[in-house]
Amino acid sequence: MAKVAFLGLGVMGFPMAGHLAAKGHEVTVYNRTFAKAEAWTQKHKGKAARTPREAATGQEIVFCCVGNDDDLRSVVLGPDGAFAGMSKGTIFFDNTTASADIARELHAEGKKLGIDFIDAPVSGGQAGAENGQLTVMCGGDAAPFERAKPVADAFSKAVTLIGPSGAGQVTKMMNQMCIAGIVQGLAEALNLGQRAGLDMEKALGAISKGAAQSWQMENRWQNMVNGKFDYGFAVDWMRKDLGIALAEGKRQKAAMPLVALVDQFYERVQARGGGRWDTSSLIQPLQKP
């Protein structure tokens, strides 16, 4: 069992921290809104802290899941940041989906203090966090990864070290790029089938048994056909992630024409008030031009 902190109790962090507590780890939580941290302690065994530094002090591993690069800097750096409370030999295990640049920056800052920083973005969405079935893709050094992995297993079905600092974030970009392309293709196919008057259950039952099969098809086609998107991974979050991927693509001189196009389609969904809709809402502008 380990002494850990968890920074950021959003739709992902709240249940992830809960799984750590359920596995018997000693957990201290921090959230920008302290009432959310207090609410977590009413549901799970653990303590609430008022600053990242307070939460991180005396911990072996500090987990984190916040919104973006700026949010991450705000909880890590500065006099009230987590690094200010962490000791040499401890680990910062960051589950935020952020840029590879911030991962490398904080990895370097941590090294100066004797702190190991691992970028460890997750895939699986809110349901994966609640069920403890996230996929975690990591970048950083092997020795601290091996120490942190058995603890991170509390909320994961797979935790993999991909490569050096930043590798986890680039892998998460690849993950989101693949999803975006699959969902757009699925949206266009379903829209065609609907307009042609097909029995969609029979049609999907047929093509889902072949090479077209995907997680998105199995789990999203019915709600896409019915135009129900008030759940799941939000369009706003996907656009943030695709923006990170497009910026990295520009830096690496990697062409991303499809990703750039699908990002524009998601922008159209946002313009219709669908920023909080599930990413499968790409079909909505096709259903209702």
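Refer to the preceding data block for the structure.
Every chain is numbered on its own, with residues counted from 1 as its sequence reads. In keeping with the model being predicted, local features are shown solely for residues with a pLDDT of at least 70 and side-chain atom pairs are shown and tallied solely at 80 or more, while totals for entire chains, interfaces and linings include all residues. The side-chain numbers reported here are obtained from all heavy atoms of the structure, hydrogens and water having been left aside.

Draft legend 1. Molecular detail of the state of the cysteines. When two cysteine sulfur atoms lie within 2.5 Å, the pair is treated as a disulfide. Under the counting rule described, the total for this entry stands at zero disulfides. Cysteine Cys65 remains unbridged, with the sulfur of Cys64 as its closest cysteine sulfur at 7.1 Å.

Draft legend 2. Looking closely at the pairing of strand β1 (residues 3–7). Of all five residues making up β1, four are buried, and the element is well covered by its neighbours. A right-handed crossover is one whose linking path, passing over the helix from the first strand to the second, runs clockwise when the strands point away from the viewer. Helix and strand definitions follow DSSP, with helices as H or I runs of at least four residues and strands as E runs of at least two, each counted in order from the N terminus. Crossover handedness for the path β1 to helix α1 (residues 13–22) to strand β2 (residues 26–30): right-handed. Both β1 and strand β4 (residues 61–64) contribute to a ladder of four bridges, which runs parallel. In the strand pairing of β4, Val4 is matched with Ile61. Three labels apply to residues, based on accessible area from a 1.4 Å probe with only protein chains included: buried if under 20% of the type maximum, exposed if over 50%, partly exposed otherwise in between. For two strands to count as paired, DSSP must find a minimum of two bridges between them.

Draft legend 3. Molecular detail of the side chain of Gln284. Along the chain, the position of Gln284 falls in helix α14 (residues 284–287). Should any heavy atoms of two residues lie within 4.5 Å, those residues are counted as being in contact. Excluding residues within four positions of it along the chain, Gln284 makes contact with Phe229, Arg272 and Trp277.

Draft legend 4. Region of the structure containing the packing of helix α4 (residues 69–76) against helix α6 (residues 100–113). Following both chains from N to C, one finds α4 and α6 inclined at 15°, their axes separated by 10 Å at the closest point. Regarding the angle of α4 to α6, the classification is roughly parallel. With respect to the hand of their crossing, α4 and α6 are arranged in right-handed fashion. For the pair α4 and α6, the contacting residues are Asp69, Leu72, Arg73 and Val76 in the first and Ile102, Glu105 and Leu106 in the second. Of the residues in the contact of α4 with α6, the class split is four nonpolar, no polar and three charged. For helices, the axis comes from a line fit to the C-alpha atoms of the stretch in contact; other axes are also lines fit to C-alpha atoms, and the angle between any two N-to-C directions lies between 0 and 180 degrees. An angle counts as roughly parallel when it lies under 35 degrees, as roughly antiparallel when it exceeds 145, as roughly perpendicular when it falls between 65 and 115, and as oblique in every other case. Crossings are assigned a handedness: left-handed for a near helix turned anticlockwise from the far helix by less than a right angle, right-handed for a clockwise turn. Each residue receives one of three labels: charged for Asp, Glu, Lys and Arg, nonpolar for Ala, Val, Leu, Ile, Met, Phe, Trp, Tyr, Cys and Pro, and polar for the others, Gly being one of them.

Draft legend 5. Local environment of unusual backbone geometry. Positive phi is not limited to glycine here, since Lys253 has a value of about 60°. Positionally, Lys253 belongs in the loop between α12 (235–252) and α13 (257–271).

Draft legend 6. How the structure looks around helix α9 (residues 167–195). To estimate how far a helix should reach, multiply one less than its number of residues by 1.5 Å. For α9, which comprises 29 residues, the first-to-last C-alpha distance of 43 Å matches the rise-based estimate of 42 Å (1.5 Å per residue) to within 8%. Following α9 by one or two positions, Gly197 adopts a phi angle in the positive range, close to 75°.

Draft legend 7. The arrangement of the nonpolar core in detail. Only buried Ala, Val, Leu, Ile, Met, Phe, Trp, Tyr and Cys residues count toward a nonpolar core, and they belong to the same one when joined by side-chain atoms within 4.5 Å. If you look at the biggest cluster of nonpolar residues, it comprises 34 residues, and the most contacted ones within it are Phe6, Leu20, Phe63 and Phe93. Those elements that place two or more of their residues in this core are β1, α1, β2, α2 (34–43), β4, β5 (91–94), β8 (134–139) and α8 (142–152). Of the residues forming this core, the biggest block, five residues, is contributed by α1. Ignoring any residue separated from it by four or fewer positions in sequence, one finds Phe93 in contact with Ile61, Val62, Phe63, Cys64, Ile118, Ala120, Val136, Cys138, Ala148, Ala152 and Val159. Counting 24 residues, the second-largest nonpolar core is a separate cluster that includes Met200, Val235, Met256 and Leu282.

Draft legend 8. The arrangement of the pattern of salt bridges in detail. Any carboxyl oxygen of Asp or Glu within 4 Å of a side-chain nitrogen of Lys or Arg constitutes a salt bridge here. Applying the stated rule across the entire model yields 13 salt bridges. Between Arg32 and Asp71 there is a salt bridge, and its shortest N-O distance comes to 3.7 Å. In this pair, Arg32 is assigned in the loop between β2 and α2 and Asp71 in helix α4, connecting sequence segments 39 residues apart. Classification of Arg32 as exposed rests on a relative accessible area of 71%.

Draft legend 9. Structural view of α1. Across the 10 residues that make up α1, a large majority, nine, are buried. Within the sequence span of α1, burial applies to Gly13, Phe14, Pro15, Met16, Ala17, Gly18, His19, Leu20 and Ala21. Where α1 ends, the next residue or the one after it, Gly24, has phi of about 100°, a positive value.

Draft legend 10. Representation of the pairing of strand β6 (residues 116–119) in the model. Burial of β6 is two-sided: the residues Asp116 and Ile118 facing one way and the residues Phe117 and Asp119 facing the other way are all buried. The pairing of β5 with β6 spans four bridges and is classified as parallel. If you follow Phe92 over to β6, its bridge partner there is Phe117. Regarding the hand of the β-α-β motif, the stretch spanning β5, α6 and β6 is right-handed.

Interpretation in functional terms is not warranted from these geometric data alone.
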